[in-house]
Each structure stands twice: as structure tokens, then as C-alpha cells.
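Coordinates in review
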Amino acid sequence: MRLEVKNLAKRFTIHTRGGVEIEGFSNISFSVKKGSFLSLRGSSGSGKSSVLKTIYRSYLPSGGAICLHTDEGSYDLAKVSDSAMLEIRERYIGYVSQFLQVLPRIGAVDIVATPLVQKGESEAVAKQKAREMLDFFGIKEELFSLSPLTFSGGEQQRVNIAKGIIAPKMLLLLDEPTASLDATNRKKVLEKLHTLKNEGVSMIGIFHDKASMEEISNEIYDIQG
Ligand SMILES: Nc1ncnc2c1ncn2[C@@H]1O[C@H](COP(=O)(O)OP(=O)(O)O)[C@@H](O)[C@H]1O
Ligand SMILES: [Mg+2]
């Protein structure tokens, strides 16, 4: 087992509203094996994105455990320190957010190449691989050196996925990675995700399109809203 989530819960305390409490989610338990894809399913607002953000520790859980088992040891992501969590993220966990978040004035190729450079790849090789990945996802070459902040929604999403999968780690979290894509590009993303599965990457994903979810998932976990 790679990841075991046990009785995970998150309540939000809104301090600017006199400490009113909002239920994010509660009682979430599932596990993910090596090379397996688990999808989270539930109505809008049921807490799907928050579960991913809690596993990535952008949100601190209110209760429960998140056990990540690696070759170097096991960690409860609900309990490790912030600095340990940063290291765990860097080594083991990728996260493709719903929307691309990048600094201005950095070109698409450089953005996609960065995770490879961080992993120790030379800049020339990293950029070449980034160009190939962008080309695979149908991004026009004339856009490669431009900042994706002015790209269309679908183009931004493809840059975001390229950046998220070019240097895969053992666990990948995907929040609606195909939401603004047409059928052709959706197929290409699913093809890449299948490759990652075969390479042993474990994934947790959220899809708003049922066909994609059923095509890629080994397991579907229902969240009650
Ligand atoms: N940072 C936050 N602060 C307060 N409430 C939040 C925050 N993030 C999410 N929520 C609330 O938690 C619930 C679940 O949200 P979310 O995880 O985005 O749902 P989903 O992805 O399933 O649509 C919603 O009621 C939402 O308003
Ligand atoms: Mg969401």
C-alpha cells in the first residue's frame, strides 16, 4: 500500500465571521496501491478538492491520518512538521491544481522544464523534453516561449498537466485535469496518465466527466456531501 487515508476530516473556521465553522468533509477512508488510480466522486461542494489539498497539506486536517509509505519509511502527513512536509512533497508528491498558477513573464517551455531541472536534469535536455511534451499536447510552437497567463483556458490546462507529469513522483494528485479540454486533448491526457500508471505512479483524481473517470480509475470513492 502506498497511501492510507483513515477517518480524515476537515472543518474550516472562518475567523472573519466570528469563528463560524464550515464542514469541509469528514469520515474519509481509502487506500491507494502502487500504480493504481483512485477517483473521488461527489456533488459540487462535497469536499473533493479539499481532500486533495489536505493530502498535499495545503490544508491541515482537523482529524484522521494520512499514511504515506515510501522506501525510506512511512509518514503520517496529518502529523509531520511543515518543514518535513515540504521535503516529502518535493520527493514524493505531485499536485496538478485545477487552474494554472505561475509567475508572470516566464515562458511555457521554461515552466514545464522546471520540475526536470529541479530533479537534476540539464537545462538543455529538460527544455527539449518540455517542447516534446507541449507538442504532444498540441500547443503551437509559436506559443512555447510566451507566458501561459495569456493562453486560453484549455491551453493553460495542458501546460499545467505537462508541468505536473513531466517529472513524475510516486503519488500524483489531479484536480479536474481535463475539465476545459476537447475530446482529442482529453484522450491525450488519459494516454499519459495510463503511461504513468504503468510506471507505478499512484494517483488520486477528480473528474467532472464520467467517461474519463471510468476509463482511468481502478477504484471510485464516493464522498457524501
Ligand atoms: N479555504 C476554505 N475556507 C473555507 N471553506 C472552504 C475552503 N475550501 C473549501 N471550503 C468549503 O468546503 C466545502 C468543500 O469544498 P471543495 O472541496 O472545493 O468541494 P468540491 O471540490 O467537491 O466541489 C465547501 O463548502 C467549501 O465552501
Ligand atoms: Mg473541486
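Just above sits the structure.
What this report covers is the structure whose coordinates are included nearby.

What counts, and at which threshold
- Residues numbered from 1 in each chain as written.
- Chains lettered and ligands numbered in written order.
- Predicted model: local features only at pLDDT ≥ 70, side-chain atom pairs only at ≥ 80, totals over all residues.
- Heavy atoms only, no water.
- Helix = DSSP H or I, 4+ residues; strand = E, 2+ residues; numbered from the N terminus.
- Buried < 20%, exposed > 50% of the residue type's maximum accessible area, 1.4 Å probe, protein only.
- Contact = heavy atoms within 4.5 Å.
- Areas by Shrake-Rupley, 256 points an atom, 1.4 Å probe, with all protein chains shown as cover.
- Lys, Arg positive; Asp, Glu negative; His and termini not counted.
- Charge placed at Lys NZ, Arg CZ, Asp CG, Glu CD.
- Near = heavy atom within 4 Å.
- Polar contact = N/O pair within 3.5 Å; in protein donor to acceptor, adjacent residues only side chain to side chain.
- Salt bridge = Lys/Arg side-chain N within 4 Å of Asp/Glu carboxyl O.
- Pairing = 2+ DSSP bridges.
- Axes fitted to C-alpha atoms, helices over the stretch in contact; angles between N-to-C directions.
- Patch = residues over 30% accessible without salt bridge, like charges linked within 9 Å, V, L, I, M, F, W, Y side chains within 5 Å.
- Core = buried A, V, L, I, M, F, W, Y, C linked by side-chain atoms within 4.5 Å.

All right, on to the overall build of the protein then. If you tally the helices and strands in the protein, you get seven helices and nine strands. Along the longest, intermediate and shortest principal axes, the C-alpha atoms of the protein span 50 × 40 × 35 Å. Every one of the 225 residues in the protein was classed for burial, and the buried ones make up 49%. Long-range pairs, those at least 24 residues apart, make up 67% of the contacts in the protein with a sequence separation of at least 6. As displayed, the protein has an accessible area near 11400 Å², and 47% of this comes from carbon and sulfur atoms. On the protein, the mean spot of the 29 positive side-chain charges and the mean spot of the 27 negative ones are 2 Å from each other.

Every residue near ligand 1 is listed here: F12, I14, G24, S43, S44, G45, S46, G47, K48, S49, S50 and Y59. S46 is positioned such that a nitrogen or oxygen atom in its backbone is 3.3 Å from an oxygen atom of ligand 1. Interatomic distance of 3.1 Å between a side-chain N/O atom of Y59 and a nitrogen atom of ligand 1. Look at ligand 1: alone it shows 560 Å² of surface, and the protein chains cover 65% of it. Mapped by element, the contributors of at least two residues to the shell around ligand 1 are β1 (3-14) and α1 (48-55). When residues in the shell around ligand 1 are grouped by element, the largest group, three residues, is from α1.

Before going further, it helps to spend a moment on the pattern of salt bridges. Within the structure shown, the criterion is met by 10 salt bridges. Between D110 and K127 there is a salt bridge, with the nearest N and O atoms lying 3.2 Å from each other. Residue D110 is found in helix α3 (residues 108-118), and its partner K127 is found in helix α4 (residues 123-136); the two are separated by 17 residues along the sequence. Classification of K127 as partly exposed rests on a relative accessible area of 24%.

The sheet built from five strands is open, its strands ordered β6-β7-β8-β3-β9 with parallel pairing. Both edges of this open sheet fall to β6 (93-96) and β9 (219-222), since each of them pairs with a single strand only. This sheet shows a mean twist of 15 degrees between the axes of neighbouring strands, independent of strand direction. Sheet analysis places β6 next to strand β7 (residues 171-175), joined by four bridges and oriented parallel. Each bridged residue has a counterpart across the sheet, and for G94 the counterpart in β7 is L172.

All right, on to a negative patch on the surface then. Together, E132, D135, E141 and E142 make up a negatively charged patch on the protein surface. Locating E142 in the fold gives a position in the loop between α4 and α5 (153-165).

What follows is about the nonpolar core. In this structure, L134, V159, L172, L193 and M203 are the most contacted members of the largest nonpolar core, which totals 37 residues. Breaking this core down by element, the ones donating at least two residues are α3, α4, α5, β7, α6 (183-198) and α7 (210-216). In terms of residue count, α3 provides more of this core than any other element does, six residues in total. The contact partners of V159, leaving out residues within four places of it in the chain, are L100, A108, I111, V112, L134, P148 and F151. With 29 residues, the next largest nonpolar core counts L3, Y56, I204 and I223 among its residues.

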